[in-house]
Amino acid sequence: MANDERIKKTNFLQKTLMRPEFGSICGVILVLIFFLLIARDNGMFNPDGIRNWSVVSAQFAIIAVGACLLMIAGEFDLSVGSMIGFSGMVLAIGSIHYGLPVWFSILIAYVLSIALGAFNGFLVIKTRLPSFIVTLAFLYILRGLTIFMSVTTTDKTILSGMKPLADADWLAPIFGGESLTGLFRWMGDNGWIEVFSRGTNEGLPVVSGIPNLILWAIGLVIFGHWLLTKTRFGNWIYASGGDANAARYAGVPVTKVKILMFMFTAFCACTFAMIQVTEFGSAGADRGLLKEFEAIICVVIGGALLTGGYGSVIGAGLGAIMFGVVQQGLFFSGAESSLFRVFLGGLLLIAVITNTYIRRLIVGTDD
Amino acid sequence: MLDPIIQLKNIKKNFGSVIALDGVSFDVTPGECHCLLGDNGAGKSTFIKIMSGVYRPTSGEMLFQGEDVKFTKPYDALTNGIATVYQDLGMIPLMSVTRNFFMGNEPTKGGLLKIFDHELANKITIDEMSKFQINLRSPDQAVGTLSGGERQTVAIARAVYFGAKVLILDEPTSALGVKQTANVLDTVDKMRKKGIAVVFITHNVRHAYSVGDRFTVLDRGKTLATANHKDVSPDDLQNMMAGGKVLPSLNE
């Protein structure tokens, strides 16, 4: 092999550095160490403490997976938050106001939000406008429609009373329920995990099981990672975001790929809403505010480039963990909650600067 | 002489009121390198974009292997074996060499799931690239880490691997250094000897003259001349490119 002596040898360290997940792995470790040091005594790493920030992280992860694949495919969706409010309201109005079976309302919510996602994508492709502006319009349109829809049908903007309906349904528990409750009770009986010492739940474990939303998050991250790195379609996602024209010339169905990713993002937003509504028992027309930005932050912290073509679903999942740990960690450590935003903004800035640097390292140019 | 594999007759193309091409005819036979020369704005790019299916001509005929064809998108041309290597696009810098090489043609396993067979793809990429004397550190190496000449070579290797019969090279040497240019010209020569029809677009007469069998000079959307290698000198070509006459003197 002819070695070109002018090509710098890339060592193991540099190779690791170039992996999109690298930064977020370090970030998660650093953040965990930080809070282990300052918030350990406050119960952040007890079973219920872990459960607390895991749930928050999982919520971020669910929407981050969709946003991540869409960003790698070269587009944004700023209507994710409004989509969460919309699909949650569809579920609640359907099952509470119209008395439809919960499973059927869930189905309607999915169909409507995926169709809206497809329409979003269709508009972006057909108008060739930046997805930023098209989905920004949808952020407002969808939010307004959601409030309008809930006020005109029910005279309210918050609908509660979902809990008993969801508990009685066969489909709803896969969103709001818990798994492995038997295992946790068994662990509690054996004294391995904390149990309630008094009250009606005496003897039952403080953490009764793994919330299904955590399983959703893990499942979606694994699916997204598999789709992106192992399948032919994954190569099309990279190519569509890397250079849509080059991809088109090579025969990649760019339009189809992008529209499908908009639909997948809508699917993730709808899943988030289904979980929220069935778990907390209520839906609100203002739910999901700022979620689109939180999803994008997770993705960027996870090492994806805003310009598309590069990123990692695992990274986005780690970004979500970092986000959740920081948010709940500051709460546990009793810090002023407004500091959370400062922290988050700082984290985002560091992530973007690092990502840009890494891209230069890969492409080897100064642009 | 062989029949032309692709033949374009009296191609015209207007963009609104601008006439980009005003009746250009061109053909290329298997194993021939036909150079398309012309100064900036002569219509070279528009012409090859018609040949590769990016634009549709306003009027004119296009024959592929003797049959009338109409390409509505670049992929139509590609499936017919007409591959274009663009100077600026075609390779995605952030993607690995393998992912670029197989973009749109990924080998799969696992039936319906369409799993990208990375192992097979990596092996083929390494093999094909070594045929062009490019030794990759790893097939996972991003294309962005390759030099300009190597990127051109990856693009050519990709086109050839996927069965290109006509290879259109858009200014492949314009951004390259001396040594890389020599490599690319050498590759063009090899392709021609393999029986591939090469359309070589350039405004560098010396590069064209070193590999070309035939030369067509375009000027302001029209064919100025077509000549065989033995019938012209580089100086003739240079003068034709300058507008069909000897470069005007300054006191004119």
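Residues numbered from 1 in each chain as written. Chains lettered and ligands numbered in written order. Predicted model: local features only at pLDDT ≥ 70, side-chain atom pairs only at ≥ 80, totals over all residues.

## Considering the interface of chain A and chain B
Part 1 of the argument: On the chain B side, the residues contacting the 25 residues of chain A number 24 residues.
Part 2 of the argument: For the side of chain A that touches chain B, the elements supplying multiple residues, two or more each, are helix H11 (232-242), helix H12 (244-249) and helix H16 (339-363) of chain A.
Part 3 of the argument: A total of seven residues in the side of chain A that touches chain B trace back to one element, the largest contributor, which is H11(A).
Part 4 of the argument: Residues that form the side of chain A that touches chain B fall into these classes: 13 nonpolar, eight polar and four charged. (Contact = placed C-beta atoms within 7 Å. Helix = DSSP H or I, 4+ residues; strand = E, 2+ residues; numbered from the N terminus. Nonpolar A, V, L, I, M, F, W, Y, C, P; charged D, E, K, R; others polar.)

## Details of helix H6 (residues 178-193) of chain B
Part 1 of the argument: Over its 16 residues, H6(B) runs 23 Å from end to end, which matches the ideal 22 Å to within 8%, given 1.5 Å per residue.
Part 2 of the argument: Following H6(B) by one or two positions, Gly195(B) adopts a phi angle in the positive range, close to 95°. (Expected span 1.5 Å × (residues − 1).)

## Examining the sheet that holds strand S1 (residues 6-15) of chain B
Residue and element names in this part refer to chain B.
Part 1 of the argument: One open sheet accounts for four strands, arranged S2-S1-S4-S5; its pairing is antiparallel. In this open sheet, the two strands that pair with only one neighbour each are strand S2 (18-28) and strand S5 (67-68).
Part 2 of the argument: Bridge analysis of strand S4 (residues 59-64) against S5 gives two bridges, and the strand direction is antiparallel. Bridging from a neighbouring strand, leucine 63 pairs with aspartate 68 of S5.
Part 3 of the argument: Here helix H1 (residues 44-51) sits on the sheet and contacts S1 and S2; the angle it forms with S1, its principal contact strand, is near 120°. (Pairing = 2+ DSSP bridges. Axes fitted to C-alpha atoms, helices over the stretch in contact; angles between N-to-C directions.)

## Comments concerning helix H14 (residues 291-301) of chain A
Residues and elements named next belong to chain A.
Part 1 of the argument: For H14, the tally of buried residues reaches 10 of 11 residues, placing the bulk of the element in the interior.
Part 2 of the argument: Within the sequence span of H14, burial applies to Lys291, Glu292, Glu294, Ala295, Ile296, Ile297, Cys298, Val299, Val300 and Ile301.
Part 3 of the argument: Two residues or fewer after H14 comes glycine 303, characterised by a positive phi angle close to 100°. (Buried ≥ 20, exposed ≤ 12 C-beta atoms within 10 Å, placed from the backbone.)

## Looking at the pairing of strand S10 (residues 197-202) of chain B
Residues and elements named next belong to chain B.
Part 1 of the argument: Most of S10 is tucked away: six of the six residues are buried.
Part 2 of the argument: Because side chains alternate across S10, one face comprises the buried residues Ala197, Val199 and Ile201, and the other comprises Val198, Phe200 and Thr202, equally buried.
Part 3 of the argument: Bridge analysis of strand S3 (residues 33-38) against S10 gives five bridges, and the strand direction is parallel. Following the sheet pairing, leucine 36 is matched in S10 by isoleucine 201.
Part 4 of the argument: In terms of strand pairing, strand S9 (residues 166-170) meets S10 through five bridges, oriented parallel. For leucine 169, the partnering residue across the bridge sits in S10 and is phenylalanine 200.

## Looking at the nonpolar core
Part 1 of the argument: Of all hydrophobic cores here, the largest spans 180 residues; its most connected members are Ala64(A), Val65(A), Cys68(A), Leu69(A), Val299(A), Leu167(B) and Phe200(B).
Part 2 of the argument: Sequence-distant contacts of Val65(A), that is, excluding residues within four places in its chain, are made with Leu220(A), Val221(A), Gly224(A), Cys268(A), Val313(A) and Ala316(A). (Core = buried A, V, L, I, M, F, W, Y, C linked by C-beta atoms within 7 Å.)

## Quick notes on the sheet that holds strand S12 (residues 222-228) of chain B
All names here are of chain B.
Part 1 of the argument: Ordered by their spatial adjacency, six strands build an open sheet running S6-S9-S10-S3-S11-S12, and the pairing between neighbours is mixed. Looking at the sheet topology across the chains shown, the edges are occupied by strand S6 (82-85) and S12. The average angle at which neighbouring strand axes cross in this sheet is 15°, direction not considered.
Part 2 of the argument: Each of S3, strand S11 (214-219) and S12 is contacted by helix H8 (residues 234-241), which is oriented at about 20° to S11, the strand it contacts most.

## Here's the deal with the packing of helix H2 (residues 22-39) of chain A against helix H15 (residues 313-332) of chain A
Residues and elements named next belong to chain A.
Part 1 of the argument: One way to put it is that H2 packs onto H15 with a least axis distance of 9 Å and a crossing angle of 15°. By the angle between their axes, H2 is roughly parallel relative to H15. Crossing angle aside, the handedness with which H2 passes H15 is left-handed. Packed against H2, whose contacting residues are Ser24, Ile25, Gly27, Val28, Val31, Leu32, Phe35 and Ala39, the element H15 presents Gly315, Leu318, Gly319, Ile321, Met322, Val325, Val326, Gly329 and Phe332 at the interface. (Parallel < 35°, antiparallel > 145°, perpendicular 65-115°, else oblique. Left-handed = near helix turned anticlockwise from the far one by under 90°.)

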